[in-house]
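Overview (structure and organization)
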Amino acid sequence: MAEPRAERPDADDRWTSEPEQLHVLRDRDSGAVCVVAVHDTRLGPAFGGIRRWRYDDLDEAVGDVTALARAMTWKCALAGLPAGGGKAVILDREGLDRRAAYALVGRAVAQLGGRFFTGPDVNTTDDDLRVVREHTEFVAVGGDEGPGDLAAATAEGVFLAAGALAARLDLPFDGLRVVVQGLGAVGMGLCERLARAGAQLLVHDVLDARVQQAVQRLGARALQADELLSTPCDVFAPCALGGVLTERSAAELPARGVCGAANNVFASPVAMRALHDRGVLAVPDVIANAGALIQGATWHLTGRRTTDDDLRAIARTADEVLGRSLAERRPPNEIALEVALERLSRSTRGA
Ligand code: NAI
């Protein structure tokens, strides 16, 4: 599945802070190159996965790893975690010695001695992570005895955020019309929760078997691809890809709110503003999809499984941000970044 390469906040100086540490490493034998960014550890150790990508050059890789690590800092602060943002990228190329590249990242993470904790991201598999783990304990590998079902935590978080959104829109869950795009691990989990709460589901996935499952098990109505963005609903829940809301679709989406798991739902800041200007309230994805991060980070920081209360931080933050957005008439994404910055600066003042 296509994945957005970087989560870039709006072009505003306050939101483009540079990382605390940036390490460029090269493996002499294989020529593999990786870049590790530790963006901000004021709240706690940095968390972020390893992305392997074909960058044009080192500058592009540095820009991407910086933007991704910075987005993780905002995400951790908004999730209420004692953690910050980091990221690692491997410069992919024809003939890359993949094992050597992941070993290089493993050695870099080991040298950081717990300041950076890593795991999966685009193009990184469990086998790759096992190579990293040969060099450092500060890595999460799928299938291990660990924090539990991360996608289920994400689905629960999106459901909790949708609850905060419905409350702000003064709509009860019972009878809430929700269009869900994508019925994968998160989308289907979200549908199950919404169905239990009495919502009416309208669903689409490129895989028809998944649509049929939702129709038969959860009483959902199937939508065709071209109906997704034109079917009137209370909440649109994008759980497939980023960039779904373009300037054009945001100007027309017949929904009262947006809340889903997909990263970077807006194709551009202009699309975000177009939706806001029409009075459609969108929970920032950086808040709604933090369930897996909360579950994973809690496990690795404390060794305990998350409780429902840990995940309810998502609903509290969503409610705070949506409330301020309505009061100040500004897009929720802008408010979310301000809330993240406020939480970071409070930590510096020791409050
Ligand atoms: P997944 O790969 O299990 O499911 C994605 C589903 O979307 C698949 O059923 C796929 O067939 C469908 N799909 C792809 N293109 C589509 C299209 N154009 N129209 C309709 N359906 C389409 O992924 P998962 O884990 O459920 O994640 C969903 C989204 O949430 C992704 O964007 C992911 O990056 C994001 N996310 C997931 C987290 C997790 O814990 N799994 C955490 C944070 C974000």
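Residues numbered from 1 in each chain as written. Predicted model: local features only at pLDDT ≥ 70, side-chain atom pairs only at ≥ 80, totals over all residues. Heavy atoms only, no water.

A look at the domain arrangement of the chain
In terms of domains, the chain is made up of domain 1 (13–72 + 82–133) and domain 2 (150–290 + 318–340). Here the C-alpha centre of domain 2 lies 30 Å away from the C-alpha centre of domain 1. (Domains from an automatic or database assignment.)

Some words on the pairing of strand E5 (residues 84–91)
Burial within E5 is extensive, with 8 of its 8 residues counted as buried. Here E5 shows no split at all, with Gly-84, Gly-86, Ala-88 and Ile-90 on one side and Gly-85, Lys-87, Val-89 and Leu-91 on the other all buried. Relative to E5, strand E2 (residues 33–40) runs antiparallel, the two sharing 6 bridges. Bridge pairing links Cys-34 to Ile-90 in E5. When strand E3 (residues 46–47) meets E5, the two strands line up parallel, connected through 2 bridges. Following the sheet pairing, Phe-47 is matched in E5 by Gly-85. Bridge count between strand E4 (residues 50–53) and E5: 4 bridges; the pairing is parallel. If you follow Trp-53 over to E5, its bridge partner there is Leu-91. Crossover E4 to E5 through helix H1 (residues 58–78) is right-handed. (Buried < 20%, exposed > 50% of the residue type's maximum accessible area, 1.4 Å probe, protein only. Helix = DSSP H or I, 4+ residues; strand = E, 2+ residues; numbered from the N terminus. Pairing = 2+ DSSP bridges. Right-handed = clockwise from strand over helix to strand, strands pointing away.)

Focus on helix H10 (residues 291–302)
Between its first and last C-alpha, H10 extends 16 Å over 12 residues, near the 16 Å set by a 1.5 Å rise per residue. Among all positions in H10, only Gly-291, Leu-293, Ile-294, Gln-295, Gly-296, Ala-297, Thr-298 and Trp-299 are buried. Elements that come into contact with the buried residues of H10 comprise E3, H1, helix H4 (150–168) and helix H11 (308–328). Backbone geometry just after H10 places Gly-303 at a positive phi near 75°. (Expected span 1.5 Å × (residues − 1). Contact = heavy atoms within 4.5 Å.)

Considering the site of the ligand
Lining the immediate surroundings of the ligand are 24 residues, of which Thr-154, Val-186, Asp-205, Arg-210 and Ala-240 lie closest. One nitrogen or oxygen atom from the main chain of Val-186 is found 2.8 Å from an oxygen atom belonging to the ligand. Ala-240 places a main-chain nitrogen or oxygen 3.0 Å from an oxygen atom of the ligand. Listed by contribution, the elements that provide at least two residues to the shell around the ligand are H4 and helix H5 (185–196). Among the elements that line the shell around the ligand, the one with the most residues is H4, at 3 residues. (Near = heavy atom within 4 Å. Polar contact = N/O pair within 3.5 Å; in protein donor to acceptor, adjacent residues only side chain to side chain.)

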